[in-house]
Amino acid sequence: MKSSKEKAFMQLYEPVHDRFERYCKSRVYGEMDFKDLMHDTIIIAYSKFEELKDPSVFLSFLFGVSRRILSNSSRKKSTENWSSNNEVYQVPSLDDQTESKLEVSLLNEALSKLPEDQKETIILFEISGFSIKEIAELHEIGESAVKQRLVRGRKKLSELLTDCVANNHKKVEI
């Protein structure tokens, strides 16, 4: 039989599961499997569930936990000596699926180079489907600030992708 804590947690989690999953998929580029991030986040969120004062911010609560997990993971990996993923981008694509994976990898690489606030806003708006108003509430900022982050983030992302594609074509031509 489920405990009241488990029931309350699941009542809040089930309606936001799909959005949370999309968020995790878009945030894990090169760091971990999105299912691992979801699992770790849910475990920690459940253990700290009593600290949640307002159930209306449950999704924000999950996002915050997952951001800390990713931040800690990145911090740990930065101290280790991992080889660069750049070798992957030097291989010419042989079929549509490979090309599609390369495009997604290039997008994720470019997203990872954006400032954290711009990256987060673009992921929430463009990938997870949040409205500008919802993002403003999540980040506790004004809607105009969200719009500005989107404009700046898109511009920077466009520049990064243009540079990345140009550099990638040079590598393939060699």
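Given the structure is predicted, the values throughout are model-derived calculations rather than measurements.

## Here's the deal with the packing of helix α1 (residues 4-13) against helix α3 (residues 34-47)
α3 packs onto α1 with a crossing angle of 130° between their chain directions and a minimal axis gap of 11 Å. Taken as axis vectors, α1 and α3 run oblique relative to one another. In this structure, α1 meets α3 at a crossing whose hand is right-handed. Residues Lys 5, Glu 6, Phe 9 and Tyr 13 of α1 form the contact with α3, whose own contacting residues are Met 38, Ile 42, Ala 45, Tyr 46 and Ser 47.

## Considering the packing of helix α7 (residues 116-127) against helix α8 (residues 132-139)
Contact geometry for α7 and α8: axes closest at 10 Å, N-to-C directions at 140°. When the interaxial angle is binned, α7 and α8 end up oblique. As for the relative orientation of α7 and α8, their crossing is right-handed in sense. Contact residues: Glu 120, Thr 121, Leu 124 and Phe 125 in α7; Ile 132, Ile 135, Leu 138 and His 139 in α8.

## Some points on the environment of His 139
On the secondary structure map, His 139 appears in helix α8. In the structure, His 139 is positioned 19 residues away from Glu 120 in sequence and 9.7 Å away in space, judged by C-alpha atoms. In this structure His 139 touches Glu 120, Leu 124 and Arg 149, once residues within four positions along its chain are discounted.

## Considerations on the nonpolar core
By size, the foremost hydrophobic cluster in this structure holds 34 residues, and its most contacted members are Tyr 13, Phe 20, Cys 24, Phe 58, Leu 59, Leu 62 and Phe 63. Secondary structure elements with two or more residues in this core: α1, α2 (17-27), α3, α4 (58-79), α6 (96-112), α7, α8 and α9 (143-173). Top element by residues in this core is α4. It accounts for 8 residues. The residues touching Phe 58, leaving out its near neighbours within four places in the chain, are Phe 9, Leu 12, Tyr 13, Val 16, Phe 49 and Leu 52.

## Observations concerning α2
Three or more residues of α2 are buried, namely Phe 20, Tyr 23, Cys 24, Ser 26 and Arg 27. The buried side chains of α2 occupy one side of the element, clustering within an arc of 165° when seen end-on.

## Description of the packing of aromatic side chains
In the structure shown here, the tally under the stated rule is 10 aromatic pairs. Judged by centre distance (5.4 Å) and plane angle (85°), the ring pair of Phe 9 and Tyr 46 falls under edge-to-face. Pair noted here: Phe 9 is in helix α1 and Tyr 46 is in helix α3, with a separation of 37 residues, a long-range link. The exposure class assigned to Tyr 46 is partly exposed, which follows from its relative accessible area of 27%. Between Phe 9 and Phe 58, the aromatic rings sit 5.3 Å apart at their centres with planes inclined by 85°, giving edge-to-face as the arrangement. Linking Phe 9 in helix α1 with Phe 58 in helix α4, this pair joins segments that are 49 residues apart in sequence.

## Here we look at α3
Between its first and last C-alpha atoms α3 spans 20 Å; for 14 residues at 1.5 Å apiece the expected length is 20 Å, and the two agree. Residues Phe 34, Leu 37, Met 38, Thr 41 and Ala 45 constitute the buried set of α3. The arc that holds every buried residue of α3, seen down its axis, measures 95°, which confines them to one face.

What counts and how
- Residues numbered from 1 in each chain as written.
- Predicted model: local features only at pLDDT ≥ 70, side-chain atom pairs only at ≥ 80, totals over all residues.
- Heavy atoms only, no water.
- Axes fitted to C-alpha atoms, helices over the stretch in contact; angles between N-to-C directions.
- Helix = DSSP H or I, 4+ residues; strand = E, 2+ residues; numbered from the N terminus.
- Parallel < 35°, antiparallel > 145°, perpendicular 65-115°, else oblique.
- Left-handed = near helix turned anticlockwise from the far one by under 90°.
- Contact = heavy atoms within 4.5 Å.
- Core = buried A, V, L, I, M, F, W, Y, C linked by side-chain atoms within 4.5 Å.
- Buried < 20%, exposed > 50% of the residue type's maximum accessible area, 1.4 Å probe, protein only.
- Arc of directions from axis to C-beta.
- Phe/Tyr/Trp six-rings, centres within 6.5 Å; stacked < 30°, edge-to-face > 60°.
- Expected span 1.5 Å × (residues − 1).

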